[in-house]
Amino acid sequence: MNLSELAQTYQARIHRFQTEKEQLERRSNRIVAARLMVFLLIVVLVFLAIKLKLPVILIISIIPLAGFFWLIQKAGHVRRAINYRKILIRINEAEQLALQGDHTSFDPGSHWIDFHHEYSYDLDIFGEHSIYRMVNRTGTPQGSETLAALLMNPGTDHLLIRQRQEAAKELKERLSWRQDFLATARESNWEDAQNQNARSWLQTTDSFSNHRFYPAAIRLNACITGIIVLANIFTSLLPSTVAAWCPRAFLYFILPIGLIISKTRTINHEQQKLDHLLGLFRKYAGLLALIETEHFNSPYLNRLQQKLEHENQRSSQIMKQLTGILWGLEARGNLIVNFLLNASLLWDILLMIRLERWRSRYRESFDRWIQAIADFEAINSLATLAFNRPDCTW
């Protein structure tokens, strides 16, 4: 394609993503209205349960409560989809400018300038008008570092260099995949501090999973909760002396709530660290999924893909397990939902145990996955250069 055709391609993508964004915004408004209606229904049911002294109505209210919970999750997905379209629009607008020789939308990599390097300073590899700025399509700190290292030290292994060229040539023709990969990387704020915090969290000492008491307490509490709920639903089938005590059985939930309160400080400290990492881990999962689900022919890309395997499991699914647990922690922000989950399931402690078990099992594989992502970013950058500049020697 010539430059005019490339510009038309990017403009068509801008129009497509703008249309999709507007459709998602209308869907978001509908979800907001639905959440309000479901919330009002829950309030009415709780009021009737108290007014009529019928605990069974509280049980019925679990249905709209589950719907409200689902709508919260759905709203989050739609918000992220809207943001994703905005990023894709900005990516294509930046590429249009790049075709005109304007690369100011991209990081110049000035922090990689090394005055003592053999050639990078003399050849303007980094800086305002540099090769790095023209090539760079990375979205993570490690991806940026990997691309910089590749430009400063490409190596002398001609077979490896040829394989990288073949990998970039293959990705050159996959415009949608390349932009999805970059958009996913840019969907979260990838500051170096966050990457350091993620590695710090992975090395944290466990507080819950190494104690037998907490798993046993969770199982016992779930059984007792089930018995209490069933007893209050089927009071008519019980002897009158037992049925009279059924409503008072709800006082039992003071115990699990008391246990949660005693551990609130530890759990809050852990959540404060993880709140800033949820978006980071979610993007890792997205990037890994994009790599794993794509079929590549290049030996270089296939080797990178193989690094993501872990005991016959996909690394993206493993990361999604983590983001699912972290999303569960967000339920703590809703006092009603948090109370019900903790009373019945010791929810906060259950999530802490699942987090610690995940961390113990996969901490050694984490760095390998992140480096594979960074290597893909470097090749992705070279592929975009090859796509935008068909006049360059390749």
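Computed from a prediction, not measured in an experiment: that's the story for all the values here.

Asks: I tried to follow the overall build of the protein on my own but got confused; where do I start?
Replies: In terms of helices and strands, the protein carries 17 helices and two strands. For the protein, whose C-alpha radius of gyration is 27 Å, the value lies well above the compact-globule estimate of 21 Å for 394 residues. The dimensions of the protein, computed from C-alpha atoms along their principal axes, are 90 × 45 × 35 Å. Of all 394 residues assigned to the protein, the portion counted as buried reaches 46%. When contacts within the protein are restricted to residue pairs at least 6 apart in sequence, long-range pairs at least 24 apart make up 80% of them.

Asks: When you look at the pattern of salt bridges in this model, what are you seeing that I'm missing?
Replies: If the charged atoms of two oppositely charged side chains come close together, the side chains can form a pair. Scanning all chains against the criterion turns up twelve salt bridges. Among the ionic pairs, Arg137 bridges to Glu95, the shortest N-O distance being 2.7 Å. In this pair, Arg137 sits in the loop between helix 4 (131-135) and helix 5 (141-152) while Glu95 sits in helix 3 (residues 62-99), placing the two residues 42 residues apart along the sequence. The salt bridge partner of Arg133 is Glu128, with a shortest N-O separation of 2.7 Å.

Asks: For this particular structure, what's the right way to read helix 1 (residues 3-52)?
Replies: Each full turn of the α-helix corresponds to 3.6 residues, which orients residues three or four apart in the same direction. Given a rise of 1.5 Å per residue, 50 residues ought to cover 74 Å, and the 73 Å separating the end C-alpha atoms of helix 1 matches this to within 8%. Measuring from the side-chain oxygen of the N-cap residue of helix 1 to the backbone nitrogen of Ser4 gives 3.2 Å; that N-cap residue is Asn2. Just beyond helix 1, the residue with positive phi is Lys53, at close to 55 degrees.

Asks: Help me understand a nonpolar patch on the surface in this model?
Replies: A grouping of Val44, Phe47, Leu48, Leu52, Leu54, Val56, Ile60, Leu230, Ile233, Phe234 and Leu237 is seen on the molecular surface, where their side chains present a nonpolar patch of about 990 Å² in accessible area. Top contributing element to the nonpolar patch by residue count: helix 1, with four residues. Along the polypeptide, Val56 turns up in helix 2 (residues 55-60). Val56 gets classed as partly exposed once you look at its relative accessible area, which sits at 33%.

Asks: What exactly am I supposed to notice about the packing of helix 13 (residues 278-293) against helix 17 (residues 347-388) here?
Replies: Between two packed helices, the angle of one axis relative to the other and the distance separating the axes together describe the packing. Orientation of helix 13 relative to helix 17, taken along the N-to-C sense of each, is 65 degrees, at an axis distance of 10 Å. By crossing handedness, the relation of helix 13 to helix 17 is classed as left-handed. Contacts between helix 13 and helix 17 pair Phe281, Tyr284, Leu287, Leu288 and Ile291 from the former with Phe366, Trp369, Ile370, Ile373 and Phe376 from the latter. When the residues that make up the contact of helix 13 with helix 17 are grouped by side-chain class, the tally is ten nonpolar, no polar and no charged.

Asks: Would you take a moment to explain the nonpolar core for this structure?
Replies: The tendency in soluble globular proteins is for nonpolar side chains to be buried as a group. The biggest cluster of nonpolar side chains holds 80 residues, and the ones touching the most others in it are Trp201, Phe281, Met319 and Leu355. Once residues lying within four places of it in the same chain are set aside, the contact partners of Met319 are Phe281, Tyr284, Ala285, Leu288, Trp358, Phe366 and Trp369. Counting residues in each nonpolar core, the second largest holds nine residues, with Ile14, Leu88, Ile89 and Ile91 among its members.

Asks: Looking at this model, I keep getting lost on unusual backbone geometry. Mind explaining?
Replies: Backbone phi values are negative for most residues with the exception of glycine, while trans is the configuration of most peptide bonds. One non-glycine residue, Glu311, adopts positive backbone phi at about 50 degrees. As for its placement among the helices and strands, Glu311 is situated in the loop between strand 1 (309-310) and strand 2 (313-314). Looking at Glu311, the relative accessible area reads 55%, which means it is exposed. Although it is not a glycine, Leu346 sits at a positive phi angle of roughly 50 degrees. With respect to the helices and strands, Leu346 occurs in the loop between helix 16 (335-345) and helix 17.

Asks: Can you help me understand the environment of Thr235 in this one?
Replies: Mapped onto the elements, Thr235 comes out in the loop between helix 9 (213-233) and helix 10 (240-243). By relative accessible area, which is 28% here, Thr235 ends up partly exposed. The spacing of Thr235 and Tyr119 is 116 residues in sequence and 84 Å in space, taken between C-alpha atoms. Other than its neighbours up to four places away in sequence, Thr235 contacts Ala243 and Cys246.

Asks: Please clarify how a positive patch on the surface should be interpreted in this entry.
Replies: A cluster of basic residues, Arg26, Arg27, Arg30 and Lys74, forms a positive patch on the protein surface. Per-element tally for the positive patch: the top contributor is helix 1, with three residues.

The rules behind each value
Residues numbered from 1 in each chain as written. Predicted model: local features only at pLDDT ≥ 70, side-chain atom pairs only at ≥ 80, totals over all residues. Heavy atoms only, no water. Helix = DSSP H or I, 4+ residues; strand = E, 2+ residues; numbered from the N terminus. Rg over C-alpha atoms; globule rule 2.2 N^0.38 Å. Buried < 20%, exposed > 50% of the residue type's maximum accessible area, 1.4 Å probe, protein only. Contact = heavy atoms within 4.5 Å. Salt bridge = Lys/Arg side-chain N within 4 Å of Asp/Glu carboxyl O. Expected span 1.5 Å × (residues − 1). Polar contact = N/O pair within 3.5 Å; in protein donor to acceptor, adjacent residues only side chain to side chain. Patch = residues over 30% accessible without salt bridge, like charges linked within 9 Å, V, L, I, M, F, W, Y side chains within 5 Å. Areas by Shrake-Rupley, 256 points an atom, 1.4 Å probe, with all protein chains shown as cover. Axes fitted to C-alpha atoms, helices over the stretch in contact; angles between N-to-C directions. Left-handed = near helix turned anticlockwise from the far one by under 90°. Nonpolar A, V, L, I, M, F, W, Y, C, P; charged D, E, K, R; others polar. Core = buried A, V, L, I, M, F, W, Y, C linked by side-chain atoms within 4.5 Å. Lys, Arg positive; Asp, Glu negative; His and termini not counted. Charge placed at Lys NZ, Arg CZ, Asp CG, Glu CD.

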